[in-house]
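Understanding the architecture of this molecule
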Amino acid sequence: MVVKQELERQGLHPEKVTLGEVTIREESLTPAQEDTLNNALVNLGFERIDDRKARLIDAIKSKIIQMIHHTDKVDLKVNWSSLLSEEMHYEYNYLSNLFSSFEGVTLEQYIIKQKIEKVKELLFYDELSLSEIANKLGYSSVAHLSNQFKKITGFTPSDMKKSRNIDQNRKPLDSIS
């Protein structure tokens with residue numbers, strides 16, 4: 001109700017107001033209207049998230065997925081903050097804060113979870129040793145990989161490989177958060 005009242009107070013015509021989403025009759029807002037609305041919403045404890053930000057989040061996810069799932073090897077020395085900043089043309093702090101506010105996890109956690117999904121895939125196909133998997137995904141050691149894997153899944157890579165429940169525990173890449 002507060003959001004609806006604020007929109008009406010600013011001369012806008014809300015057609016639908018639900019939790020996390022508002023549809024207004026106006027097709028576009030002037031930059032001044034956007035600024036006024038953004039400031040008013042922030043004062044009320046809300047934030048307007050526009051499509052540009054959502055597209056940026058999708059671009060970040062796509063780059064991370066491409067680097068982890070669609071390359072032959074993840075460089076151990078890859079600096080994710082520099083890489084994402086250069087690719088997206090924004091400061092890393094902005095990207096990190098935006099990503100966390102949208103996704104509820106940090107960029108670092110998201111990258112780790114993507115790597116763990118790739119480890120599950122590689123374990124399932126059973127073509128590489130754990131040492132080769134660690135090397136392929138840019139881990140400094142098998143121990144580092146194993147520790148992260150256990151934190152995320154509750155299993156060691158060896159236990160999961162033995163159980164053959166890997167496929168049941170795998171997630172679609174776009175549902176990882």
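Preceding this paragraph is the structure being described.
In short, a report on the structure.

The rules we used
Residues numbered from 1 in each chain as written. Predicted model: local features only at pLDDT ≥ 70, side-chain atom pairs only at ≥ 80, totals over all residues. Heavy atoms only, no water. Helix = DSSP H or I, 4+ residues; strand = E, 2+ residues; numbered from the N terminus. Buried < 20%, exposed > 50% of the residue type's maximum accessible area, 1.4 Å probe, protein only. 1 Å grid on protein atoms, 1.4 Å probe; cavity = no way out; pocket = protein on both sides within 12 Å on 5 of 7 lines; lining within 4 Å. Points joined across faces, edges and corners; volume = space filled by probe spheres on them. Expected span 1.5 Å × (residues − 1). Contact = heavy atoms within 4.5 Å. Phe/Tyr/Trp six-rings, centres within 6.5 Å; stacked < 30°, edge-to-face > 60°. Lys NZ or Arg CZ within 6 Å of the ring centre and 35° of its normal.

**What to know about unusual backbone geometry**
Residues apart from glycine generally show negative phi values, whereas peptide bonds are mostly found in trans. Unusually for a residue other than glycine, His89 sits at a positive phi of about 65°. Mapped onto the elements, His89 comes out in the loop between helix 4 (80–88) and helix 5 (92–103). The class of His89 is exposed, set by a relative accessible area of 68%. Of note, Asp126 is a non-glycine position whose phi angle comes to about 55°, a positive value. Relative to the helices and strands, Asp126 resides in the loop between helix 6 (107–125) and helix 7 (130–136).

**A closer look at the layout of surface pockets**
Which parts of space are left empty comes out when a probe the size of a water molecule is rolled across the atoms. The calculated volume of the second largest pocket comes to roughly 260 Å³. Around the second largest pocket, the lining comprises 15 residues; the ones closest to its centre are Trp80, Ile111, Ile112, Lys115 and Gln148. Going through the elements one at a time, helix 6 and helix 8 (142–153) are the ones with two or more residues in the lining of the second largest pocket. The element best represented in the lining of the second largest pocket is helix 6, accounting for 4 residues.

**Focus: helix 3 (residues 51–69)**
Residues lying three or four places apart along an α-helix face the same way, a consequence of the helix completing one turn every 3.6 residues. Across its 19 residues, helix 3 extends 26 Å between first and last C-alpha, which sits within 8% of the 27 Å expected from 1.5 Å per residue. Considered for burial, the residues of helix 3 that qualify are Lys53, Leu56, Ile57, Ile60, Lys61, Lys63, Ile64, Ile65, Met67, Ile68 and His69. On its buried side, helix 3 packs onto helix 4, helix 5 and helix 6.

**Examining the packing of aromatic side chains**
In total, this model carries 3 aromatic pairs according to the counting rule given. Where Phe124 meets Tyr125, the ring centres are 5.3 Å apart and the plane angle is 75°; that geometry is what we call edge-to-face. We classify Phe124 as partly exposed; its relative accessible area is 28%. Between Lys115 and the ring centre of Tyr139, over which it is positioned, the NZ or CZ distance is 4.7 Å.

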